[in-house]
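Structural description and commentary
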Amino acid sequence: MDTTYNALPDTADRIVYVRPLKVAMLPDKLRAQLGEAKTVYAVHGEDGEQLALVADRGLAFSLARAHDFAPVNAH
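In this report, we go over the structure that sits alongside the text.

Rules and cut-offs
Residues numbered from 1 in each chain as written. Predicted model: local features only at pLDDT ≥ 70, side-chain atom pairs only at ≥ 80, totals over all residues. Heavy atoms only, no water. Core = buried A, V, L, I, M, F, W, Y, C linked by side-chain atoms within 4.5 Å. Buried < 20%, exposed > 50% of the residue type's maximum accessible area, 1.4 Å probe, protein only. Helix = DSSP H or I, 4+ residues; strand = E, 2+ residues; numbered from the N terminus. Contact = heavy atoms within 4.5 Å. Pairing = 2+ DSSP bridges. Polar contact = N/O pair within 3.5 Å; in protein donor to acceptor, adjacent residues only side chain to side chain.

Membership of the largest hydrophobic core is limited to eight residues, which are Val 16, Val 18, Val 43, Ala 52, Val 54, Ala 60, Phe 61 and Ala 64. Listed by contribution, the elements that provide at least two residues to this core are β1 (15-22), β3 (50-54) and α2 (57-66). Sorting elements by how many residues they give to this core places α2 first, with three residues. Not counting chain neighbours up to four residues away, the residues in contact with Ala 52 comprise Tyr 41, Ala 42, Val 43 and Leu 63. Membership of the second largest hydrophobic core comes to five residues, among which are Val 23, Leu 26, Val 40 and Ala 42.

Laid out in structure tokens, this is it:
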């Protein structure tokens, strides 16, 4: 399929990866700030650097798009 989507950046370096993280796996100091949340979503750059942690998947995608990145799911 050769369909162009103008909403996404053309370059690969504008891709970020969104993946769920179990709050239980985070450091104690951070867990204390998250209250009752069981899962948060991390936004990572192509090099694996964590760029952001947010409360839900929709927010992670919105945040990425607001900064001209193309978010994709990572498992």
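The discussion continues.
This brings us to the pairing of β3. With four bridges connecting them, strand β2 (residues 39-44) and β3 associate as antiparallel partners. Pairing of Tyr 41 across the sheet is with Val 54, part of β3. Connecting the antiparallel pair β2 and β3 is a turn made up of five residues, with Gly 48 showing a positive phi of about 95 degrees.

A word on the side chain of His 44. Checked against the element boundaries, His 44 lands in strand β2. A distance of 3.4 Å separates the side chain of His 44 from the side chain of Arg 19, its partner in a polar contact. With sequence-adjacent residues up to four places away left out, His 44 is seen in contact with Val 16, Tyr 17, Arg 19, Glu 49, Gln 50 and Leu 51.

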